[in-house]
Amino acid sequence: MEPVESFKSFLLFSFIISTLAGSSMVWKGPKDKTKSVSFHAATAKKGTYMLYATAFITATILFYLFCLYWFIPTLQLPTSFTFLLTLMSLLLVLTALIPESGEWIKLHALLAYGFAFLMMILLFFVLTAQTVSLFARIISGITCGWMTIVWYLYFFSSHKKKVASQYLFYQSSYVILFFLSILAATYIR
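Notes on the structure in this doc start here.

Definitions and cut-offs
Residues numbered from 1 in each chain as written. Predicted model: local features only at pLDDT ≥ 70, side-chain atom pairs only at ≥ 80, totals over all residues. Heavy atoms only, no water. Helix = DSSP H or I, 4+ residues; strand = E, 2+ residues; numbered from the N terminus. Rg over C-alpha atoms; globule rule 2.2 N^0.38 Å. Buried < 20%, exposed > 50% of the residue type's maximum accessible area, 1.4 Å probe, protein only. Contact = heavy atoms within 4.5 Å. Lys, Arg positive; Asp, Glu negative; His and termini not counted. Charge placed at Lys NZ, Arg CZ, Asp CG, Glu CD. Salt bridge = Lys/Arg side-chain N within 4 Å of Asp/Glu carboxyl O. Core = buried A, V, L, I, M, F, W, Y, C linked by side-chain atoms within 4.5 Å. Expected span 1.5 Å × (residues − 1). Bend = angle between axes of the 7 residues up to and from the residue. Axes fitted to C-alpha atoms, helices over the stretch in contact; angles between N-to-C directions. Parallel < 35°, antiparallel > 145°, perpendicular 65-115°, else oblique. Nonpolar A, V, L, I, M, F, W, Y, C, P; charged D, E, K, R; others polar.

**Here's the deal with the overall build of the protein**
Helix and strand counts for the protein come out as eight helices and zero strands. The C-alpha atoms of the protein give 16 Å as radius of gyration, which agrees with the globular expectation for 189 residues (16 Å, within 12%). Expressed as a percentage of the 189 residues in the protein, the buried residues total 43%. Across the protein, the fraction of contacts at a sequence separation of at least 24, relative to all contacts at a separation of at least 6, is 71%. Here the protein contributes 13 positively and 5 negatively charged side chains, and the mean placements of these two sets differ by 11 Å.

Following this line, the structure appears as structure tokens:
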């Protein structure tokens, strides 16, 4: 499949929408850095949560379309990337639809950690793609390293409580660095 140039801009729209939606929830929420963006959204008024979920789903769809019609064909990524991207996108949509509250907390966490893990795997594909510039691969490598450290700190470190006290920082940096790596692979040719 040939890349469709008009889909390239979908990445920027996805990044902007995601950043604005997440930032808005944190700003309007309880400003608790021990909680996730999803928790901040779940504690908002129902209308505000629906706006957040809609924005998040829209950003996910835009990112998926960008990858499908421009990123994958341009970088000549394998079918396994497409499969994992589809799974990650599905998990992202379900995460937005299932609030991090009440009886749904465990399911939401499972979905959220699932898509976060897939983000790291997808970035590994970018890191190893020969069609990606050296600079973009370096950025992806640094990001993969950071993602690995975050997983270690959160699940295996003896300092879990200290890490949990800064959960929002780790979550935000994880997602932002993922986007920056994809932006680098897209725009630094």
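We are not done yet, so read on.
**Overview of the pattern of salt bridges**
Scanning all chains against the criterion turns up one salt bridge. The salt bridge involving Lys8 is made with Glu5; its shortest N-O contact spans 3.8 Å. Using a relative accessible area of 53% as the deciding quantity, one classes Glu5 as exposed.

**Details of the environment of Gly141**
Among the structural elements, Gly141 can be located in helix 6 (residues 134–155). The spacing of Gly141 and Ser181 is 40 residues in sequence and 8.8 Å in space, taken between C-alpha atoms.

**Looking at the nonpolar core**
Grouped together as the largest cluster of nonpolar side chains are 57 residues, with contacts concentrated most on Phe63, Phe71, Phe81, Met88 and Ile182. Secondary-structure elements contributing two or more residues to this core are helix 1 (9–28), helix 2 (37–42), helix 3 (46–75), helix 4 (79–97), helix 5 (105–128), helix 6 and helix 8 (167–187). The leading source of residues in this core is helix 3, at twelve residues. Among residues more than four places away in sequence, those in contact with Phe71 are Phe66, Leu77, Phe81, Val126, Ile182, Ala185 and Thr186.

**Considerations on the environment of Ser24**
Structurally, the position occupied by Ser24 is in helix 1. Once the C-alpha coordinates of Ser24 and Thr48 are considered, the two residues, 24 residues apart in sequence, prove to be 9.7 Å apart.

**Focus: helix 3**
The terminal C-alpha atoms of helix 3 lie 40 Å apart, and with 30 residues this matches the ideal 44 Å at 1.5 Å per residue to within 8%. Along helix 3, the largest kink reaches about 45 degrees and is centred on Cys67. Gln76 sits one or two positions beyond helix 3 and adopts a positive phi of about 55 degrees.

**Quick word on the packing of helix 3 against helix 4**
As a packed pair, helix 3 and helix 4 sit with axes 9 Å apart at the nearest point and diverge in direction by 170 degrees. By the angle between their directions, the pair helix 3 and helix 4 is classed as roughly antiparallel. Contacts between helix 3 and helix 4 involve Tyr49, Ala53, Phe56, Ile57, Thr60, Phe63, Tyr64, Cys67, Leu68, Phe71 and Ile72 on the former and, on the latter, Phe81, Thr82, Leu85, Thr86, Met88, Ser89, Leu92, Val93, Thr95, Ala96 and Leu97. Taken together, the residues of the contact of helix 3 with helix 4 sort by class into 17 nonpolar, five polar and no charged.

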